[in-house]
Amino acid sequence: MMEKNTSEDPACSPEETTSESAKVPTAEPPGEVAASESTGEEQVPKPQAPAPQIPAAPAATKPVPPSEDVPSAPLLLTLEDVSSNSVTVSWEPPERLGRLGLQGYVLELCREGASEWVPVNARPMMVTQQTVRNLALGDKFLLRVSAVSSAGAGPPAMLDQPIHIRENIEAPKIRVPRHLRQTYIRQVGETVNLQIPFQGKPKPQATWTHNGHALDSQRVSVRTGDQDSILFIRSAQRSDSGRYELTVRLEELEAKATIDILVIEKPGPPSSIRLLDVWGCNAALQWTPPQDTGNTELLGYTVQKADKKTGQWFTVLERYHPTTCTVSDLIIGNSYSFRVFSENLCGLSASATVTKELAHIQKADIAAKPKGFIERDFSEAPSFTQPLADHTSTPGYSTQLSCSVRASPKPKIIWMKNKMEIQGNPKYRAVSEQGVCTLEIRKPSPFDSGVYTCKAINVLGEASVDCRLEVKASATH
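Chains are numbered independently. Their residues run from 1 in the order of the written sequence. Local features in a predicted model are, by the rule used here, given only for residues with pLDDT of at least 70; side-chain atom pairs are given and counted only at 80 or more, and totals for whole chains, interfaces and linings are based on all residues. No hydrogens and no water enter the side-chain calculation; it runs on all heavy atoms of the structure.

The protein chain is annotated in an unreviewed UniProt entry as Myosin-binding protein H from Cebus imitator. UniProt positions are given in the numbering used here, feature names are shortened, and annotations may be inferred rather than shown by experiment. The annotation that UniProt attaches to the protein chain under Function (unreviewed entry) is "Binds to myosin; probably involved in interaction with thick myofilaments in the A-band." Turning to the protein chain, the UniProt annotation filed under Sequence similarities (unreviewed entry) states: "Belongs to the immunoglobulin superfamily. MyBP family."

Okay, structure coming up:
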C-alpha cells in the first residue's frame, strides 16, 4: 500500500514559510479541533499529559501486526496550510477499513525533543481534515494520523518532516518620497526632517549610514516606528552633506534606499578685482572667483558701479558668468568705482570686492574743423509756371484772375488792363503770396471787359502773361 505525505522542511527559508502560509485554509469541518473551546477536550495537549486512549509511543513506532479487524494506514497525509498559530492537514481513507468497520481517525502530535505522541483529539472523529489551533511561534513538531476501529488503531500515516510554526514574513520594501529622489538641498542652520516609509512583516530592523559610516548621534537623531523611519537634524551644517543610506533588514532579506543631502550657504566675495583699462566712456574689469562658493555651484556675478559725486551703486550686470567685463556708457567728467558680488542658490555674497582705483572718464580735446561751404546761387529771372486763362463773367458777380510766377529775388507784380496799369483803383484788389498772383475784380460790368496783363519784374529780368475777360450784359425783356 502506497502512502503519500506532504510535509514542511524544517530547514526551509523564510520565503518558503511565507509562501506556505499564503495558502487559503480549507473551511473547518464540524469536527475540527480548536484549542480555544471551553471543554478543553480538543486543545493541543502538553507532552506530559498524554490521552489515555492512545498509549504513548516512541517516535519510531513499532509496526502494528496485520489484522483483518484493524484498518490500514490512511492515505495521502498532506500538509494543507501553516500559519503563525495553526496547522491544517488532510488525508484520504485507508484502503482496508477492517471487518468491524471504521470508527474515525485520531491525529497525534510529537513535539521536537520529546519521545511521546500526544493525541490531538480525545476520541476518534469521522473527518479527513483537521486544523490544530493555538500553537505558539517557534513550535516544532511531527504529526501522524491513524484510522481506528473497535478492534483498535491501525498503523499511522506520518509526515516525513517536522512542522515549524513561524510568523508570516513580508519582504521589506522602502518607499522613498518623490521630493527625496533628487538631491535634497537645505541651507545652513535649517532643520532636516526626513520621513521614509517602509513595509515588512514582522517589523524589520532599520539602520542609517552617512557616506558609508555610522551616524553621529551628537548631531543626528533617528526614530524608527513600525512603518517608517525618521532622520532629524536640528541645525544643518555643511558637514552634514553627503549620501545617507537607509537599510531595512528582515532576517536574510533587506531593502536599501539612498538620499543625497546638500547643505549650502551664501558664497564668499571674489578674491580680487582689478581695473584693466579706461578709454572713452568705457572701463574694463577683471576679477578672480571666490575661494568659498557656499558648497554649491555659482549662478554668476553681479557687477555694480558708483560715481564719486553721488556714491550711489547701480547694477550693471546680473548673473554674469565670465570673470572679465566691459562697463560702457559712463558719463564724461565723472570718476567711478566698481564692485562685484558672487551669487548662488542662497543669494548674493554678504560682501563685495571693490576696485581700489577710480576710473576717470576725461573730456577729450576735440577741435571743430568746419568744412568749406559753397553757397549756391538761387537767383532767377521771373517766369510764369501757370499762365492767366481767358475768363467769362456775369455782371454784378465778383471774379478773380490767377497765375503763378517763380523768381529770385522776389519780383514786383504789376497788373494792367489794355496795357494800362490799374494800381490804386479801388475796383481791383491785387494779392501776391508764395508766387501766386491773384487779381479780384469787384462786381464787374461790361465796361470791365478787356485784356488783362500780369507782369513780374526783378533785377534779372521780367515776364508777363495775358488773358481776355468778357463780361456779358444781362438779357433784357
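Okay, back to it.
1. Some details on the packing of aromatic side chains
Centres within 6.5 Å are what make two rings of Phe, Tyr or Trp a pair, Trp counting through its six-membered ring; a difference in plane orientation under 30 degrees is then read as stacked, over 60 as edge-to-face, and the rest as tilted. Under the counting rule described, the total for this entry stands at 4 aromatic pairs. Plain terms: the ring middles of W287 and Y301 are 5.6 Å apart, the flat faces sit at 70 degrees to each other, and that makes the pair edge-to-face. One end of the pair, W287, is in strand β20 (residues 282-287); the other, Y301, is in strand β21 (residues 300-307), with 14 residues separating them in the sequence. Burial status follows relative accessibility: with a 1.4 Å probe on protein chains alone, a residue under 20% of its type maximum counts as buried, one over 50% as exposed, and anything between as partly exposed. In this structure W287 comes out as buried when scored by relative accessible area, which is 2%. Pairwise contacts between aromatic rings join W287, Y301 and Y320 into one cluster. Any Lys NZ or Arg CZ that is within 6 Å of a ring centre and within 35 degrees of that ring's normal is treated as a charge sitting over the ring. A cation over a ring is seen here: R339 above W313, with NZ or CZ 4.3 Å from the ring centre. Between K417 and the ring centre of F447, over which it is positioned, the NZ or CZ distance is 4.8 Å. Helix and strand labels come from DSSP, where a helix needs a run of H or I of at least four residues and a strand needs a run of E of at least two; each type is numbered from the N terminus.

2. A closer look at the pattern of salt bridges
Salt bridges are counted wherever a side-chain nitrogen of Lys or Arg sits within 4 Å of a carboxyl oxygen of Asp or Glu. For the structure on display, the rule yields 15 salt bridges. When the shortest N-O distance is used, the salt bridge between E108 and R144 registers 2.6 Å. Remark: R144 occurs in strand β6 (residues 140-149) and E108 occurs in strand β3 (residues 104-111); sequence separation between them is 36 residues. We classify E108 as buried; its relative accessible area is 2%. On the basis of relative accessibility, which here comes to 4%, the residue R144 falls in the buried class. For R319, the salt bridge is made with E343, and the minimal N-O distance between the two is 3.3 Å. Of this pair, R319 sits in strand β22 (residues 313-320) while E343 sits in strand β24 (residues 335-344); the two residues are 24 residues apart in sequence, bridging distant segments of the chain. We classify R319 as partly exposed; its relative accessible area is 48%. Among the charged side chains, a salt-bridge network with shared partners connects R238, E265 and D292.

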